[in-house]
Amino acid sequence: MRNFFILISAVFIIGCKTMSPDIVEPQIVPEPLTMTYDLEKYYPLHEKPTLSVNDDLANESASFLNDYLNEMGWKSEVHKPSELTDIHFQKVEELDDEAYALSVDYRGVFIKASHQKGFFYGVQSFIQLLTPGKHIASLPYLEISDSPRFAWRGLHLDVGRHFFSTDFIKKYIDVMAMYKFNTFHWHLTEDQGWRIEIKQYPKLTEIGGQRKETVVEKKFNPYIGDGQPYGGYYTQEEIKEVVAYAAQRQVTIVPEIEMPGHSLAALAAYPELGCAPGPYEVGTRWGVYDDIYCPKEETFTFLENVLTEVMALFPSKYIHIGGDEAPKTAWKKSKIAQDVIRREGLKDEFELQSYFIKRIEKFLNANGRQLIGWDEILEGGLAPGAAVMSWRGESGGIEAAEARHNVVMTPNGNMYFDHYQADPKTEPLAIGGFTDLKSVYDYEPIPAALDEEYHPYVMGAQANVWTEYMKPSDYVEYMVYPRAVALAETVWSSRENRNWTRFQEKLPHQYQLLDSKKINYHVRQPEGLSNALTLTDEISISLSTPYEASNIYYTTDGTEPTRASLLYENPITLDINEPVTVKAITLLAGGGKSTVASATYQKAQLINAIQPLKADKGLEAFMLTGSFKSVSELSAKGEASIVSDIALPDQQPAQFGMLFRGMINIPKDGIYTFYTRSDDGSTLSIADQLVVDNDGLHGPQEAYGQIALKAGYHTFLVKYFEGGGGEVLEVEMEGPGIARSEVNTNFFYH
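About the criteria used
- Each residue is numbered by its place in its chain's sequence as written, counting from 1.
- At least 70 in pLDDT is required for a residue's local features to be given in this predicted model, at least 80 for side-chain atom pairs to be given and counted, and no such filter applies to totals for whole chains, interfaces and linings, which use all residues.
- No hydrogens and no water enter the side-chain calculation; it runs on all heavy atoms of the structure.
- Fitted lines through C-alpha atoms give the axes, limited to the stretch in contact for helices. The angle between two N-to-C directions lies from 0 to 180 degrees.
- Strands are runs of DSSP state E lasting at least 2 residues, helices are runs of H or I lasting at least 4, and numbering of each runs from the N terminus.
- Angle categories are assigned with fixed cut-offs, so that under 35 degrees is roughly parallel, over 145 is roughly antiparallel, 65 to 115 is roughly perpendicular, and the rest are oblique.
- Throughout, a crossing is termed right-handed when the near helix is turned clockwise from the far one, and left-handed when it is turned anticlockwise from it by less than a right angle.
- The contact rule is simple, with two residues in contact once any of their heavy atoms fall within 4.5 Å.
- Residues are grouped as follows: nonpolar covers Ala, Val, Leu, Ile, Met, Phe, Trp, Tyr, Cys and Pro; charged covers Asp, Glu, Lys and Arg; every other residue, Gly included, is treated as polar.
- For two strands to pair, DSSP has to find at least two bridges joining them.
- Definition of nonpolar core: a set of buried residues of the types Ala, Val, Leu, Ile, Met, Phe, Trp, Tyr and Cys, connected through side-chain atoms within 4.5 Å.
- The classification of residues rests on relative accessible area computed with a 1.4 Å probe and restricted to protein chains. Under 20% of the type maximum is buried, over 50% is exposed, and intermediate values are partly exposed.
- Polar contact is the term for a pair of N or O atoms within 3.5 Å; when the atoms are in protein, one must be able to donate a hydrogen and the other to accept it, and sequence-neighboring residues count only if both atoms are side-chain atoms.
- Basic side-chain nitrogens of Lys or Arg form a salt bridge, by our definition, when they fall within 4 Å of a carboxyl oxygen of Asp or Glu.
- Here, expected helix span is obtained from the residue count minus one, scaled by 1.5 Å.
- For every residue, the predictor reports its confidence as pLDDT, a number between 0 and 100.
- Viewed with both strands pointing away, a crossover whose connecting path from the first strand over the helix to the second turns clockwise is right-handed.
- Two rings from Phe, Tyr or Trp (for Trp, the six-membered ring) form a pair when their centres are within 6.5 Å of each other. A pair whose planes differ by under 30 degrees is stacked, one over 60 is edge-to-face, and the rest are tilted.

Describing the packing of helix H4 (residues 166–178) against helix H15 (residues 473–480)
The contact between H4 and H15 brings their axes to 11 Å, and the two run at 20°. Judged by the angle between their axes, H4 and H15 are roughly parallel. Classified by chirality, the crossing of H15 by H4 is right-handed. Here H4 contributes Phe168, Lys171 and Tyr172 to the contact with H15, which in turn contributes Ser473, Val476, Glu477 and Val480. For the contact of H4 with H15, the class distribution of residues is four nonpolar, one polar and two charged.

And the structure:
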């Protein structure tokens, strides 16, 4: 009978080959360390696959896969090992804990590992070989040998500003696990809310867990609140349940209890912990508050008691204590704080913060835990065994690593998922900044400035999700995915295996997987629309989208597109004797949709050049000191210096403005595109026309514009201001015979 079954199977396989089945081409994210496959040979996985394990170590992962398959409509079962098994779990000794091997041949699928972690990650890669919605698969013969590059592969979630249910937290962890993230940084306390039950201090949640209202959007000055009480917290039983759920998915939860700053909710509950007598109120606006924990013995007793309960809930090696954005205003005014400075022989309030952190670290160490905090904990001296999360760029991480401290890289320019990911004009409200999919994918966690000797101290990288402007959970998903998919490959895959083009090719399959998880990911606008000038009467526009099972709908009359609008099927030809505005939207079969893309096309007239009386090389540059919120506040004052290019000086105030004024010598007639990338605002004008408007307070952000110019000299003006924080100004151009690049300094005259 057994021989007959094998004969039938062989006939079935031969038959499948004759029918040219749709053999799966692997689209795994993160990209495995090594992977080879043969699309000419395959194993037919039928709708009732069997699973077997040869060691109890694999039981949990086998059960996870079996549950997943049945949930997705397969009819799988776990059996005893047999030659007839489809999916074999086999323990091997020679692999590292997180490593696995996955192979497919005529005998079936083999997942090999030496640890539960490796088995689980092998399962995640196998799941990505399957197409959601299908219950049969022709799996190519393949060999995968895989292990992660970094030990810390993290995602963060702030539940202080906005609170999210345990069901959502589990869903968040589920998708993390699918992409082999292993650290969930749970930000549990904030000025605007305390979210974890502490039995010894019930008022932390009774009072600190509630705020009377929330600021409306960004209406800070004058302040406008929504008048709606807001609150919520997790019981200890709920936290235990989530911790266990995460552990089953090989995710460690690192809790964050903020100190000494971002502690207003705790002070509202227990005002005796502050330096002022109070009363305090749970924060209703976003930002940083001056009131922080006072460094007195009652505070340390309180924090040690809180951390004792926290450690009983979270078995993680690291406990995050924040340490960021702690103004020293209250300490400077406090007799208690000043007495501590004198008693301990400290130089200033920064060393007082270091003293504060070191005391907490000593307590954590005595309980077998390690302290981790934001990079401000470097100020005043780093606690002996502390690890650092470098968020204000990479410099803090470099400093800590060179001091032989462990580091997690999470610079806000690349790793802050509360930043805009597309044009802010078309996106839902966000805190600011700009971090698109490619900037996440391209981020290299090992800083270029860090000597190789210190590379081992970089544990990995993490994206942070601050929720000031993310009230509903589906908006959290919108901001996190697909950027977290890019990060997964950044922190797992070897540097050599990361390839942006290949990653983009894998995204359509990843979108299918996210659809199967009901994730409200960010849907990109149709590609192909951009404001454009032309010298002809017609223009042809081609649109595209990376999503399978999707359609593009568009309008040419300026109205908003819907499913009832024109369906894009072929390139659009426009008659543009009059300006035409095209708007387009991507609609997914599953219901997701993009924001509206819009572009205006118009016929241009070449602007005549001017005839200057004289033209000397370079531009006039004006440095303006002061606090600015718009380039409209800038005007040329004082003496100008002559510069050869558009660049910010090495030495400048914290807040300033600059003007670059002169002429640009255009080499030939045509339409030219100019770009500015700036932090904060910038504008670029030519021939007294505003070409690029990148004004306003914002992080690094690009804008562009076009203008039709005749060859010769044209007036040229760039305005820029820095409102505080990082400063960036870059100006580029492209045009007839000129690829996009920095503006050639030979074009500048005054």
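So, the sheet that holds strand S26 (residues 550–555)
A sheet is described by the order of its strands in space; here five strands give the open sequence S24-S30-S29-S26-S27, paired in mixed fashion. Because the sheet does not close on itself, it has two edges, and the strands there are strand S24 (532–534) and strand S27 (566–567). Across two bridges, S26 lies against S27 in antiparallel orientation. By the bridge assignment, Tyr554 is partnered in S27 with Leu566.

Let's talk about the nonpolar core
If you look at the biggest cluster of nonpolar residues, it comprises 158 residues, and the most contacted ones within it are Phe89, Phe126, Leu155, Trp186 and Tyr481. Apart from the residues lying within four places of it in its own chain, the contact partners of Phe126 are Leu45, Leu65, Ile87, Leu102, Val109, Ile111 and Leu139. The next biggest cluster of nonpolar side chains, apart from the first, holds 29 residues, and it includes Leu619, Leu709, Leu729 and Met733.

Section: the environment of Ser76
Inspection of the secondary structure puts Ser76 in the loop between helix H2 (59–71) and strand S3 (77–78). When the C-alpha atoms of Ser76 and Val691 are compared, they prove to be 61 Å apart, with 615 residues separating the residues in sequence. Excluding residues that lie within four positions of it along the chain, Ser76 makes contacts with Pro49, Leu51, Asn66, Leu69 and Asn70. For Ser76, the side chain forms a polar contact with the side chain of Asn66, separated by 2.6 Å. Engagement of the side chain of Ser76 in a polar contact is seen with the side chain of Asn70, the distance being 3.0 Å.

A word on the sheet that holds strand S39 (residues 728–735)
The strand order S37-S34-S39-S40 describes an open sheet built from four strands, whose pairing is antiparallel. Pairing within the sheet leaves two strands with one partner each, and these edge strands are strand S37 (701–709) and strand S40 (738–742). For this sheet, the mean angle separating the axes of adjacent strands, direction not counted, is 15°. In this sheet, S37 lies alongside strand S34 (residues 670–679) in antiparallel orientation, the contact comprising nine bridges. Bridge pairing in S37 links Gly670 to Leu709.

Some words on the pairing of strand S8 (residues 152–158)
Where a strand is regular, its side chains alternate between the two sheet faces. Taking burial as the measure, the seven residues of S8 include seven buried ones, the bulk of the element. Here four bridges tie S8 to strand S23 (residues 458–463), and the two strands are oriented parallel to one another. The residue bridging Arg153 from the neighbouring strand is Ala461, located in S23. As defined by bridge partners, S8 adjoins strand S9 (residues 183–187) across five bridges and the pair is classed as parallel. In the strand pairing of S9, Leu157 is matched with Trp186.

Regarding the pattern of salt bridges
Applying the stated rule across the entire model yields 35 salt bridges. Between Asp375 and Arg392 there is a salt bridge, with the nearest N and O atoms lying 2.6 Å from each other. Of this pair, Asp375 sits in the loop between strand S18 (370–374) and strand S19 (387–390) while Arg392 sits in the loop between S19 and helix H12 (395–402); the two residues are 17 residues apart in sequence, bridging distant segments of the chain. The class of Arg392 is partly exposed, set by a relative accessible area of 39%.

Concerning the environment of Glu548
Checked against the element boundaries, Glu548 lands in the loop between strand S25 (538–541) and S26. Note: C-alpha distance between Glu548 and Tyr511 (37 residues apart in sequence) is 8.5 Å. Not counting the four nearest positions on each side in its chain, Glu548 is found in contact with Pro508 and Gln512.

Brief notes about helix H11 (residues 349–366)
A rise of 1.5 Å per residue sets the reference length of H11, with its 18 residues, at 26 Å; its end C-alpha atoms lie 26 Å apart and thus fit the reference within 8%. Taken as a whole, H11 has its buried residues at Glu349, Leu352, Gln353, Ser354, Tyr355, Phe356, Ile357, Ile360, Glu361, Phe363 and Leu364. Buried residues along H11 sit against strand S16 (252–259), helix H8 (297–313), strand S17 (318–322), helix H9 (329–333), helix H10 (335–343) and S18. Gly368 sits one or two residues past H11 and shows a positive phi near 80°.

As for the confidence of the model for the protein chain
When the pLDDT values of the protein chain are averaged, the result is 94; 97% of them are 70 or greater. Note on residues 1–19: pLDDT is under 50 here. Beyond four places in sequence and across chains, it has nine contacts.

Examining the packing of H8 against H11
Interaxial distance between H8 and H11 falls to 11 Å at its minimum, and their mutual angle equals 40°. Taken together, H8 and H11 sit at an angle that is classed as oblique. Like other packed secondary-structure pairs, H8 and H11 cross with a definite hand, here right-handed. Taking contact as the criterion, the partners of Glu297, Thr299, Phe300, Leu303, Glu304, Leu307, Thr308 and Met311 in H8 are, on H11, Tyr355, Phe356, Arg359, Ile360, Phe363 and Leu364. The residue inventory of the contact of H8 with H11, partitioned by class, reads nine nonpolar, two polar and three charged.

Topic: the pairing of S9
The element S9 is extensively covered by neighbouring structure, given that five of its five residues are classed as buried. Side chains Thr183, His185 and His187 of S9 all project onto a buried face; the interleaved residues Phe184 and Trp186 project onto the opposite face, where all are buried too. With respect to chirality, the unit in which S8 leads through H4 into the neighbouring parallel S9 is right-handed.

Things to note about H15
Counting buried positions along H15 gives six out of eight residues, so the element sits mostly inside the fold. All of the buried residues in H15 are Tyr475, Val476, Glu477, Tyr478, Met479 and Val480. Residues of H15 that are buried sit in contact with S8, H4, strand S21 (419–420) and helix H16 (483–492).

Remarks on unusual backbone geometry
A cis amide bond links Met259 to the next residue, Pro260, at an omega of -10°. Looking at the secondary structure, you find Pro260 in the loop between S16 and helix H7 (264–269). Backbone torsion omega between Tyr481 and Pro482 reads 15°, so that peptide bond is classified as cis. For Pro482, the position within the fold is in the loop between H15 and H16.

Overview of the side chain of Glu376
If you trace the backbone, Glu376 turns up in the loop between S18 and S19. For Glu376, the residues in contact, after removing those within four places along its chain, are Gly323, Asp324, Glu325, Gln353, Trp391 and Arg392.

A look at the packing of aromatic side chains
Using the criterion set out here, one finds 35 aromatic pairs in the structure. Taking 6.4 Å as the distance between ring centres and 45° as the angle between the ring planes, the aromatic pair formed by Tyr416 and Trp466 counts as tilted. Here Tyr416 is found in the loop between helix H13 (412–415) and S21, whereas its partner Trp466 is found in the loop between S23 and H15, with 50 residues between them in sequence. A residue is classified by how much of its surface remains accessible, and Tyr416, at 7% relative accessible area, is buried. For Trp466, a relative accessible area of 9% puts it in the buried group. Taking 5.9 Å as the distance between ring centres and 25° as the angle between the ring planes, the aromatic pair formed by Trp500 and Phe503 counts as stacked. Of this pair, Trp500 and Phe503 both sit in helix H17 (residues 500–516), three residues apart, which is roughly one turn of the helix. Residue class for Phe503 comes out buried when judged on its relative accessible area of 0%.

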